[in-house]
Amino acid sequence: MRVSVFKALIVAITLAAAASTAQAQSTGDFGSLSITVRPSSGEIYIDGERWVSPDANAPLVIQLTPGPHTVQVRAPGYRSYNASITVHRGESTPLNVILPNGPAAPNAFGEPQGQPQGPPPAPLPAAPGSIVQVSRTPTGDGFVFAPDFKITEMNHRTTGFAGFYGGVVFAGQVMIGGGAYFQLDDHYSEQMAYGGLVSEWRLFHNSPVGLTLHGLAGWGTANIGYYGYSAGCGNNCGYVDPRHGGYYSPYYGYPSAYEGFFVGVPEAQVVARFGHDVRLVGGIGYRWTSSDFHDLNGISGTIAVQIGK
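What counts as what
- Every residue gets a number counted from 1 within its own chain, in the order that chain's sequence is written.
- In keeping with the predicted nature of the model, local features appear solely for residues at pLDDT of at least 70, side-chain atom pairs appear and are counted solely at 80 or more, and the whole-chain, interface and lining totals rest on all residues.
- Hydrogens are left out, water is left out, and the side-chain values use all remaining heavy atoms of the structure.
- The way it works is that DSSP assigns letters per residue, a run of H or I at least four long becomes a helix, a run of E at least two long becomes a strand, and they are numbered from the N terminus.
- For the exposure calls, accessible area comes from a 1.4 Å probe over protein chains only, and a residue counts as buried if that area is under 20% of its type's maximum, exposed if over 50%, partly exposed in between.
- Note on contacts: a residue pair qualifies if any of its non-hydrogen atoms lie within 4.5 Å across the two residues.
- Here the Shrake-Rupley method, with its probe set to 1.4 Å, supplies the accessible areas, and only the displayed protein chains count as covering residues.
- By definition, two strands form a pair when at least two bridges between them are found by DSSP.
- Helix axes are fitted to C-alpha atoms over the stretch in contact, other axes to C-alpha atoms as well, and angles between N-to-C directions run from 0 to 180 degrees.
- Any pair of Phe, Tyr and Trp rings, taking the six-membered ring for Trp, is counted once the centres come within 6.5 Å. Such a pair is stacked with planes under 30 degrees apart, edge-to-face with planes over 60 apart, and tilted for the rest.
- To count toward a patch, a residue needs a relative accessible area above 30% and no salt bridge. Like charges then connect within 9 Å, nonpolar side chains (Val, Leu, Ile, Met, Phe, Trp, Tyr) within 5 Å.
- The salt bridge criterion pairs a side-chain nitrogen of Lys or Arg with a carboxyl oxygen of Asp or Glu, the two atoms within 4 Å.
- In this description, a nonpolar core means a group of buried Ala, Val, Leu, Ile, Met, Phe, Trp, Tyr and Cys residues linked to one another through side-chain atoms lying within 4.5 Å.

Caption draft 1: Summary view of the overall build of the protein chain. Of the regular secondary structure elements, the protein chain holds 1 helix and 19 strands. The proportion of buried residues among the 309 residues of the protein chain is 42%. Put simply, 60% of the contacts in the protein chain that link residues at least 6 apart link residues at least 24 apart. As displayed, the protein chain offers around 15,700 Å² of accessible surface, 62% of which is attributable to carbon and sulfur atoms.

The following block contains the structure:
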């Protein structure tokens, strides 16, 4: 069964890596600037270079490197707008500009690229009366929720757990919350479930592909025993306690017993971002329990989808 577990883990990590590569190729290390201008005839310059939208009535979306960029907007018969806007990696920054009526300020704009050389003028504040709205999608505090599926080894065989976790995210990097997991197959010798406190530390959390150190610490319970075979009484003759090897007749009040135990599950995860609020997670970890029945411990692989911060 160990081979099956390792194969499942390889598939999980391969899927996460493939998604990560696709996301990195499509997004890279850029941010985007979405500009809406009124009147629609306004000319837009970014760092001195003119940009034209194929649809004058739709926002102009430009991929830019992170950092400050000079934005200039002008139109005949209107006052000009000139300011510096900061673009953030992996984020979209909307900018809505409404130019008021009036003559443009002299020398408000530098020459576009490719024109005669000369130092560009310093950015000017927006003309009086301009209506400018700038907002940025934050990557800081908030909430996250994730359905989670685990493939694991337990009691010398492969099984699966379905569960979830969620919590509060601080500064886009630290998450504290809780989660719970339930064994998917109804195997009468285990029937395990566990849950507890969940925390994670996100490395490269603003990048399209990141690394997360994730862990759960809490309490679990399992059916430690099964009806087995004993010489002289045939199949299903009594309850087997795998910790002590003893057989007990079910007619003398020894049904399958549930045992509680502490559980800890540290994991290392690869995270691929899909937009601001969706991430695909693939990772590998180890489940440890304080049960005397040590076959409840085992390596596990995880695939989850995080929704939120």
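From this point, things continue past the structure.
Caption draft 2: Molecular detail of the sheet that holds strand S3 (residues 49-51). Pairing within the open sheet is antiparallel, and its 4 strands lie in the order S3-S2-S5-S6. Because the sheet does not close on itself, it has two edges, and the strands there are S3 and strand S6 (81-87). Across the sheet, the mean angle from the axis of one strand to that of its neighbour is 30°, orientation sign disregarded. As paired strands, strand S2 (residues 43-46) and S3 are joined by 3 bridges and run antiparallel to one another. Within S3, the residue paired with Tyr45 across the bridge is Arg50.

Caption draft 3: Spatial organisation of the environment of Met154. Take Met154: it is sitting in strand S9 (residues 142-154). What makes Met154 buried here is its relative accessible area of 0%. The spacing of Met154 and Ile299 is 145 residues in sequence and 8.5 Å in space, taken between C-alpha atoms.

Caption draft 4: Representation of the packing of aromatic side chains in the model. Per the stated rule, a full pass over the model turns up 4 aromatic pairs. Measuring from ring centre to ring centre gives 5.7 Å for Phe161 and Tyr194, while their planes differ by 55°; the resulting arrangement is tilted. Note that Phe161 is positioned in strand S10 (residues 157-170) and Tyr194 in strand S12 (residues 193-203), a separation of 33 residues in sequence. Note on accessibility: Phe161 and Tyr194 belong to one class, buried. For the ring pair Tyr181 and Tyr194, a centre distance of 5.4 Å and an interplane angle of 25° mean the geometry is stacked. Taken together, the positions of Tyr181 in strand S11 (residues 174-183) and Tyr194 in strand S12 put the pair 13 residues apart, joining distant regions of the chain. Under the relative-accessibility criterion, Tyr194 is labelled buried at 5%. Grouping aromatic residues by their ring pairs yields a cluster made of Phe161, Tyr181 and Tyr194.

Caption draft 5: Expanded view of a nonpolar patch on the surface. On the surface, Phe170, Val174, Ile176, Leu197, Trp201 and Leu213 cluster together to form a nonpolar patch covering roughly 550 Å² of accessible area. Within the residue set of the nonpolar patch, elements represented by two or more residues are S11 and S12. Position of Trp201 relative to the elements: it lies in strand S12.

Caption draft 6: Here's a closer look at the pairing of strand S17 (residues 258-273). Bridge count between strand S13 (residues 209-223) and S17: 15 bridges; the pairing is antiparallel. Bridged to Asn223 within S17 is Tyr258. Sheet analysis places S17 next to strand S18 (residues 278-289), joined by 9 bridges and oriented antiparallel. The partner of Gln269 across the bridge, within S18, is Gly283.

Caption draft 7: Region of interest: the nonpolar core. Membership of the largest hydrophobic core comes to 20 residues, with the highest contact counts inside it found for Tyr165, Met192, Tyr194 and Leu216. Looking at this core, the elements that each hand over two or more residues are S9, S10, S11, S12, S13 and S17. Examining the composition of this core, we find that 4 residues originate from one element, S17, more than from any other. Those residues in contact with Tyr194 that sit more than four places away from it in its chain are Lys150, Phe161, Ala180, Tyr181, Leu216, Trp219, Gly220, Val263, Val265 and Arg287. Formed by 18 residues, the second largest nonpolar core is a distinct cluster that contains Ile46, Ile62, Tyr81 and Ala83.

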